[in-house]
Amino acid sequence: QVQLVESGGGLVQAGGSLRLSCAASGRTFTRYVMGWFRQAPGKERELVTHINWSAGITYYADSVKGRFTISGNNAKNTVYLQMNSLKPEDTAVYYCAARPVGYCSGNRCYEAASFGSWGQGTQVTVSS
């Protein structure tokens, strides 16, 4: 599986911005769907966004639409999550994840279980 390492988390005031980075091992960046999940204490891991370059599809959870943007740099094998207008409810551990293109279909593609490669997570805390 692909090794993933997140960075960029931290403490920010409400309304502020953070940019998370996820560095992937190897040269398989464009062969994988790359996504970001988050998990707050007492809640299950939820999909924030993912991008499938092969299909030309980008997904965002309703809660982050217009505020978060996923992007990538193929030369650096790195995917980014730009987070603007942060809210306290965005506080969570954020995980980078990846799965091979074409691995899943249907609603299962929005579940954490569909992603086989995971980073260790980076804490994002948004204060009031």
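Basis of the calculations
Residues numbered from 1 in each chain as written. Predicted model: local features only at pLDDT ≥ 70, side-chain atom pairs only at ≥ 80, totals over all residues. Heavy atoms only, no water. Helix = DSSP H or I, 4+ residues; strand = E, 2+ residues; numbered from the N terminus. Rg over C-alpha atoms; globule rule 2.2 N^0.38 Å. Buried < 20%, exposed > 50% of the residue type's maximum accessible area, 1.4 Å probe, protein only. Pairing = 2+ DSSP bridges. Salt bridge = Lys/Arg side-chain N within 4 Å of Asp/Glu carboxyl O. Disulfide = S-S within 2.5 Å.

So what exactly am I meant to see when it comes to the overall build of the protein here?
Scanning the protein for helices and strands turns up 0 helices and 11 strands. Put simply, the protein runs from its N terminus to its C terminus through helices and strands in the order β-β-β-β-β-β-β-β-β-β-β. Taking 128 residues into account, the globule formula puts the C-alpha radius of gyration at 14 Å, and the protein, at 14 Å, falls close to it. Here the C-alpha coordinates of the protein stretch approximately 40 × 30 × 25 Å along the principal axes. Here the protein holds 128 residues, and 43% of them are scored as buried.

Is there a simple way to think about the pairing of strand β7 (residues 68-73) in this case?
Sheet faces and side chains relate simply in a regular strand, where the side chains alternate between the two faces. Judged from the 6 bridges that link them, β7 and strand β8 (residues 78-83) form a sheet pairing that is antiparallel. Each residue of the ladder has a partner; that of Ser71, found in β8, is Tyr80. As consecutive antiparallel partners, β7 and β8 are separated by 4 residues, and within that stretch Asn77 has a phi angle of approximately 50 degrees, a positive value.

Sorry if this is basic, but what is going on with the pattern of salt bridges here?
In a structure, side chains of opposite charge can pair up when their charged atoms sit close to one another. One pass over the full model with this rule turns up 4 salt bridges. Note that Arg38 is salt-bridged to Asp90, the shortest N-O span being 2.9 Å. One end of the pair, Arg38, is in strand β4 (residues 32-39); the other, Asp90, is in the loop between β8 and β9 (92-100), and 52 residues separate them in sequence. For Asp90, a relative accessible area of 0% corresponds to the buried category. The closest approach of N and O atoms between Lys65 and Asp62, which form a salt bridge, is 3.1 Å.

I'm lost on the state of the cysteines in this one. Help?
Working definition of a disulfide: a covalent bond connecting the sulfur atoms of two cysteines. If you walk through the whole model with that rule in mind, you get 2 disulfides. The partner cysteine of Cys22 in its disulfide is Cys96, sulfur to sulfur 1.9 Å. The sign of the S-S torsion, about -80 degrees, decides the handedness of the disulfide formed by Cys22 and Cys96: left-handed. Here Cys22, found in strand β3 (residues 18-24), pairs with Cys96, found in strand β9; they are 74 residues apart in sequence, far enough to count as distant. Comparing Cys22 with Cys96, the two get one shared label, buried. Here Cys104 connects covalently by a disulfide to Cys109, the sulfurs 2.3 Å from one another.

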